[in-house]
Amino acid sequence: MPPRLAVQRLSDTIAHELERRILEGALKPGDRLQPERELAVELGVSRPSLREAIQKLVSKGLLHSRQGGGTFVTDQLEAGFTDPWQEMLRQHPNIQADLLEFRGLLESEAAALAARRATDTDLQRIENAYNRVEELFAEGPGAAVFEEQVAADLAFHQAVAEAAHNVVFGHLTSSLFRVTHDHIDRNLRHLRRLEEAWQELRAQHAALWAGIRTRNPAAAHAAVRRHIDFVYASMIAQAQHAERENRAQLVMKLRGEG
């Protein structure tokens, strides 16, 4: 007698669907799930089955519940990568160049894939992100909205990565941005002092968006490489500036001029 095929429990099917949404980025770390009643209706399942599925993902560490406050997506897919790297970056800032090199490889391929694979919805999301970053950067490098400029810059690059329709690219890019956030912040602060460099950043964003919008993978790939090379040069210039400033402060201190 042939073995009977296992019948998948409904809760497993629901858990699989929610897990898929997390992997594909539709549900991001920190997002709150819809109220139980709404989500059950959307999925066409009973609330007990939905509760069982949620509990499965809670036990996996992908969701966590707050008493009286709903259920949220955890950052477990990213935390295991970002936590040790953030500490190593603080202790060994010289590896920033290695991370930047990896970021260039990852983002340039993601941009090329986005130019090939982006759906109309993806293009709308990227355009919205680009318009936001352009609006904020147009206020200039000395604007009081610097933190918003950093956030918009990261959101634009993340939207491009997600349009590659490769869940690993999407999650790795998100994790990498969390690791290098402070580094990106410092670079942009350095570039704020240079109007020409600030305008170059705007041109790089425009070139990346144009490459994806026109379905030109080579142009999108080249735009990212141009951006990463520029950031690397900025990182070197920033380190040299910091070294000169430290040297100047030391001379002032030794001469009793401070």
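Everything quoted here is computed from the prediction, not taken from an experiment.

Of the regular secondary structure elements, the chain holds 10 helices and two strands. The helix and strand sequence of the chain, counted from the amino end, reads α-α-α-β-β-α-α-α-α-α-α-α. In the chain, buried positions account for 43% of the 258 residues. Expressed as a percentage of contacts within the chain between residues at least 6 apart in sequence, the contacts between residues at least 24 apart total 70%. When the accessible surface of the chain is summed, it comes to about 14500 Å², and 54% of that surface belongs to carbon and sulfur atoms.

Here the focus is the packing of aromatic side chains. Evaluation of the coordinates by the stated rule reveals two aromatic pairs. Between Tyr130 and Phe156, the aromatic rings sit 5.9 Å apart at their centres with planes inclined by 55°, giving tilted as the arrangement. Note that Tyr130 is positioned in helix α6 (residues 120-137) and Phe156 in helix α7 (residues 146-162), a separation of 26 residues in sequence. Phe156 matches Tyr130 in its accessibility class, with the two residues each being buried. When the ring of Phe137 is compared with that of Trp198, the centres are 4.5 Å apart and the planes differ by 15°; the resulting orientation is stacked. Taken as a pair, Phe137 in helix α6 and Trp198 in helix α9 (residues 195-213) lie far apart in primary sequence, 61 residues in all. For Trp198, a relative accessible area of 0% translates into the label buried.

We now examine the pattern of salt bridges. Inspection of every chain in the model, using the stated rule, returns 14 salt bridges. A salt bridge links Arg9 to Glu52; the shortest N-O distance between them is 2.5 Å. Taken together, the positions of Arg9 in the segment before α1 (10-23) and Glu52 in helix α3 (residues 47-60) put the pair 43 residues apart, joining distant regions of the chain. The class for Glu52 is partly exposed, based on a relative accessible area of 30%. The salt bridge involving Arg226 is made with Glu200; its shortest N-O contact spans 3.0 Å.

Another aspect to go through is a nonpolar patch on the surface. Residues Leu23, Val167 and Val168 make up a contiguous nonpolar surface patch of about 220 Å² in total accessible area. Structurally, the position occupied by Leu23 is in helix α1.

A few words on the packing of α7 against α9. The interhelical angle for the contact between α7 and α9, taken along N-to-C directions, is 25°, at an axis separation of 11 Å. Relative to α9, α7 is oriented roughly parallel. Here α7 and α9 pass one another in a crossing that is left-handed. Listed contacts from α9 to Gln149, Asp153, Phe156, His157 and Val160 of α7 are Trp198, His205, Leu208, Trp209 and Ile212. Considering only residue class, the contact of α7 with α9 consists of six nonpolar, three polar and one charged.

Right, let's get into unusual backbone geometry. The phi angle at His165 is positive, at roughly 55°, despite the residue not being glycine. In this fold, His165 is placed in the loop between α7 and α8 (167-191). Looking at His165, the relative accessible area reads 45%, which means it is partly exposed. Non-glycine residue Arg215 carries a positive phi angle of around 60°. Using a relative accessible area of 37% as the deciding quantity, one classes Arg215 as partly exposed.

In terms of nonpolar packing, the biggest core is built from 38 residues, with Ile126, Phe156, Val160, Leu188, Leu208 and Ile212 touching the most fellow members. For this core, the elements supplying multiple residues, two or more each, are α5 (96-117), α6, α7, α8, α9 and α10 (217-254). Aside from chain neighbours lying at most four places away, what touches Leu188 is Phe146, Val150, Trp198 and Leu201. Listed in part, the 16 residues of the second largest apolar core include Leu33, Ala40, Val45 and Leu63.

Moving on, we come to the environment of Leu172. Following the sequence through the fold, Leu172 ends up in helix α8. Look at Leu172 and you get partly exposed, because its relative accessible area is 29%. A C-alpha to C-alpha distance of 9.4 Å links Leu172 and Arg103, two positions 69 residues apart in sequence.

One rule of thumb: low pLDDT means the predicted coordinates there are not for detailed reading. On average, residues of the chain carry a pLDDT of 83, and 87% of them reach 70 or more. When mean pLDDT is compared element by element in the chain, α6 scores highest at 96, while helix α4 (residues 76-91) scores lowest at 57. For residues 1-7, every residue scores under 50 in pLDDT, and the model assigns this stretch zero contacts once sequence neighbours within four places are set aside.

What counts and how
Residues numbered from 1 in each chain as written. Predicted model: local features only at pLDDT ≥ 70, side-chain atom pairs only at ≥ 80, totals over all residues. Heavy atoms only, no water. Helix = DSSP H or I, 4+ residues; strand = E, 2+ residues; numbered from the N terminus. Buried < 20%, exposed > 50% of the residue type's maximum accessible area, 1.4 Å probe, protein only. Contact = heavy atoms within 4.5 Å. Areas by Shrake-Rupley, 256 points an atom, 1.4 Å probe, with all protein chains shown as cover. Phe/Tyr/Trp six-rings, centres within 6.5 Å; stacked < 30°, edge-to-face > 60°. Salt bridge = Lys/Arg side-chain N within 4 Å of Asp/Glu carboxyl O. Patch = residues over 30% accessible without salt bridge, like charges linked within 9 Å, V, L, I, M, F, W, Y side chains within 5 Å. Axes fitted to C-alpha atoms, helices over the stretch in contact; angles between N-to-C directions. Parallel < 35°, antiparallel > 145°, perpendicular 65-115°, else oblique. Left-handed = near helix turned anticlockwise from the far one by under 90°. Nonpolar A, V, L, I, M, F, W, Y, C, P; charged D, E, K, R; others polar. Core = buried A, V, L, I, M, F, W, Y, C linked by side-chain atoms within 4.5 Å. pLDDT = per-residue confidence, 0-100.

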